[in-house]
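Spelled out, the chains give:
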Amino acid sequence: MPSLHFILHFIFAFFLFSCPSNAQTIIVDKGGNGNFSSVQKAIDSVPPNTNSWTHIYIKSGIYEEKVVIPGDKPFIFLQGESKDTTSIEWGESGSSTQSATFTLNADNFVAADLSFKNTYNLALSAVLDDQKPILWAPAATIYGDKASFYNCSFFGVQDTLTDAQGRHYYKSCYIEGAIDFIWGRGQSVYEGCVLNATTGALGKAGYITAQGRESSNDTSGFVFLSCSIYGTGPVDLGRAYRQFSRVVFRNTYMSDVVQPEGWSAWSFVGKEKDIVYSEVSCSGPGADKSKRVKWEKNLTTEELKQLEAKNFINQDGWIQGQPQVNYCNHFPGIVHGQIKNFKDSLIKLCMQEPGIINVGTYFRCLNGIPSSKANLMRATDISVTSLTELAMLQATIIANDVLHFKLLSVVSAAWMFCRWLLNLADEQRSHFSNDSEHTNLN
């Protein structure tokens, strides 16, 4: 039987010579163990007007800096280790566009697993106690076209996310604020996002959106799909920043913080016929429309179809053309079924602590297996007792991902191979648990 040492070398050599790598990777680490210790310096190092992706991987830490991506630096993929541990923070205020902690001016951009925070006025109750004025203080300002954000967080009070212009896609993001905390003329889809209205200390209602569509021919608007709205105080879904403001909530859970009237015409009272505000198939105590403003629109089936992501922002398929983030918290650095920097990714994987591994969740996340098929795998939990076992398990799962094995039968075969490797490693048997409490896949 071949030795474990030989098998490991064979697997690693296979990946090193067969994994495609068409993106440069830059490591940012505050501790000095990367290429740069500053996010902005890493961005500055990217050559202008490139047409290939640059992956900037940011290790955990609070990066206190103002970050700007200029217009001549497209195709940047900014990724943190986790949005809970990797944060870009600054505390400037006074301008709804110029005071942002993060500003994107370039087209073709992806961010994942990062937090963007404007610390000015963030402690809202303390600000009000000190009679300090609440000012415009964005966490992020997005000007570029074809920008997508996956599993990111945005923290602020007023104008938290300046969704200024261009087509944007926000997936599984967290957005927090009190006043107009998603605003601008962006043409954007927010899918599976959590919106947290921190209006409890205001003493009055706040506003989630302030969309600025300029005319009936303007293609901009905000569409929220399968989102959740929570908060500490009353909030309206939106107020009209411009006369043709357009905001649609679909299949969204609304807690009781949402005001009964729901919407405000703001400076356009008497011109409500031009405002397009609508709710479709929403749920929760805040979704009761019996006391909504009378001018809220009931959109037709065709109008709703035009506001689906594929028709509203993705007609040319640009989202699929970008690095697709299959984010698994345990597996950083894996993008669109490829290891963009295999050596770095493998090191990160093997630095994980031994513990409980949920195999069904991994295979679903890394391979895009539909939940119906993933559930058939019963999401087995494994107790991994050593770093050797963990490395072997991770190498096998990477192999499954890189080779794009999609069929459940092949996944099962890969898992059987993994078990053989685990037993070979230290002659320890893995312990299986198929309890129903573990069958829920994220």
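**A closer look at the overall build of the chain**
No. 1: The helix and strand inventory of the chain stands at 11 helices and 31 strands.
No. 2: For the chain, the proportion of its 442 residues judged to be buried stands at 56%.
No. 3: Residue pairs in contact within the chain that sit at least 24 positions apart in sequence constitute 69% of those at least 6 positions apart.
No. 4: A total accessible area of about 18700 Å² is found for the chain, and carbon and sulfur atoms account for 52% of it.

**Here's the deal with the pattern of salt bridges**
No. 1: On inspection of all chains with the given rule, the structure shows 12 salt bridges.
No. 2: The shortest N-O distance in the salt bridge between lysine 66 and glutamate 92 comes to 3.0 Å. With lysine 66 in the loop between β3 (61-64) and β4 (67-69) and glutamate 92 in the loop between β6 (86-90) and β7 (102-104), this pair connects stretches of sequence that are 26 residues apart.
No. 3: Take lysine 66: its relative accessible area is 28%, and that puts it in the partly exposed class.
No. 4: Put simply, glutamate 214 and arginine 242 hold a salt bridge, and the shortest N to O gap is 3.4 Å. In this pair, glutamate 214 is assigned in the loop between β19 (206-211) and β20 (221-225) and arginine 242 in the loop between β22 (235-239) and β23 (246-250), connecting sequence segments 28 residues apart.
No. 5: Classification of arginine 242 as partly exposed rests on a relative accessible area of 29%.

**Some details on the sheet that holds β6**
No. 1: Ordered by their spatial adjacency, eight strands build an open sheet running β3-β6-β9-β12-β15-β18-β21-β24, and the pairing between neighbours is parallel. What marks the edges here is a single partner per strand, and that holds for β3 and β24 (253-254).

**Some points on the environment of threonine 219**
No. 1: Within the secondary structure, threonine 219 is located in the loop between β19 and β20.
No. 2: C-alpha of threonine 219 to C-alpha of isoleucine 313: the two residues are 94 residues apart in sequence and 9.4 Å apart in space.
No. 3: Excluding its chain neighbours within four sequence positions, the residues that come into contact with threonine 219 are Gln187, Arg246 and Phe312.
No. 4: Within the structure, the side chain of threonine 219 is placed 2.7 Å from the side chain of glutamine 187, a separation counted as a polar contact.

**As for unusual backbone geometry**
No. 1: Backbone geometry places asparagine 151, a non-glycine residue, at a positive phi of 55°.
No. 2: Within the fold, asparagine 151 resides in the loop between β11 (147-150) and β12 (153-155).
No. 3: Backbone geometry places serine 281, a non-glycine residue, at a positive phi of 55°.
No. 4: Position of serine 281 among the secondary structure elements: in the loop between β26 (276-280) and α4 (301-306).
No. 5: The exposed category is assigned to serine 281, whose relative accessible area is 56%.

**Some remarks on the packing of aromatic side chains**
No. 1: On inspection of all chains with the given rule, the structure shows 20 aromatic pairs.
No. 2: Relative to tyrosine 169, the ring of tyrosine 150 lies with its centre 6.0 Å away and its plane at 75°, an arrangement referred to as edge-to-face. Taken together, the residues tyrosine 150 in strand β11 and tyrosine 169 in strand β14 (residues 167-171) connect sequence positions 19 residues apart.
No. 3: Using a relative accessible area of 5% as the deciding quantity, one classes tyrosine 150 as buried.
No. 4: Tyrosine 169 sits in the buried class, given a relative accessible area of 9%.
No. 5: Measuring from centroid to centroid gives 5.4 Å for phenylalanine 155 and tyrosine 174, while their planes differ by 45°, and the two rings are tilted. Of this pair, phenylalanine 155 sits in strand β12 while tyrosine 174 sits in strand β15 (residues 174-177), and the two are 19 residues apart along the sequence.
No. 6: Lysine 117 extends its terminal NZ or CZ atom over the ring of phenylalanine 155, reaching a point 4.8 Å from the ring centre.
No. 7: Here the guanidinium or amino end of arginine 239 rests over the ring plane of tryptophan 266, the centre of that ring lying 3.7 Å away.

**Observations concerning the confidence of the model for the chain**
No. 1: In this model, the chain carries a mean pLDDT of 77, and residues with pLDDT of at least 70 account for 67%.
No. 2: Note that pLDDT drops below 50 for residues 327-386; the model gives that stretch 166 contacts with residues more than four away or on any other chain.

**With respect to the side chain of arginine 246**
No. 1: Counting through the fold element by element, arginine 246 comes out in strand β23.
No. 2: An unpaired buried charge is present at arginine 246: no salt bridge exists, and aspartate 218, the closest side chain of opposite charge, is 6.2 Å distant.
No. 3: Looking at arginine 246, its side chain comes within polar contact range of the main-chain oxygen of threonine 219, at 3.0 Å.
No. 4: Here arginine 246 is in contact with Gln211, Arg213, Asp218, Thr219, Ser220, Gly221, Phe222, Val276, Tyr277, Leu307 and Phe312, once residues within four sequence places are set aside.

**So, the sheet that holds β7**
No. 1: Strand order in the open sheet formed by eight strands is β4-β7-β10-β13-β16-β19-β22-β25, with parallel pairing between adjacent strands. The sheet is open, and its two borders are formed by β4 and β25 (263-264), each paired with just one other strand.
No. 2: The pairing of strand β16 (residues 179-184) with β19 spans four bridges and is classified as parallel. Each bridged residue has a counterpart across the sheet, and for isoleucine 179 the counterpart in β19 is tyrosine 207.

**Remarks on the side chain of aspartate 236**
No. 1: Here aspartate 236 shows up in strand β22.
No. 2: Here aspartate 236 sits buried without a salt bridge, and the closest side chain of opposite charge, arginine 292, lies 7.3 Å off (N-O distance).
No. 3: Not counting residues up to four positions away in its chain, the partners in contact with aspartate 236 are Gly206, Tyr207, Ile208, Gln259, Glu261, Gly262, Trp263 and Ser264.

Calculation rules
- Residues numbered from 1 in each chain as written.
- Predicted model: local features only at pLDDT ≥ 70, side-chain atom pairs only at ≥ 80, totals over all residues.
- Heavy atoms only, no water.
- Helix = DSSP H or I, 4+ residues; strand = E, 2+ residues; numbered from the N terminus.
- Buried < 20%, exposed > 50% of the residue type's maximum accessible area, 1.4 Å probe, protein only.
- Contact = heavy atoms within 4.5 Å.
- Areas by Shrake-Rupley, 256 points an atom, 1.4 Å probe, with all protein chains shown as cover.
- Salt bridge = Lys/Arg side-chain N within 4 Å of Asp/Glu carboxyl O.
- Pairing = 2+ DSSP bridges.
- Polar contact = N/O pair within 3.5 Å; in protein donor to acceptor, adjacent residues only side chain to side chain.
- Phe/Tyr/Trp six-rings, centres within 6.5 Å; stacked < 30°, edge-to-face > 60°.
- Lys NZ or Arg CZ within 6 Å of the ring centre and 35° of its normal.
- pLDDT = per-residue confidence, 0-100.
- Lys, Arg positive; Asp, Glu negative; His and termini not counted.

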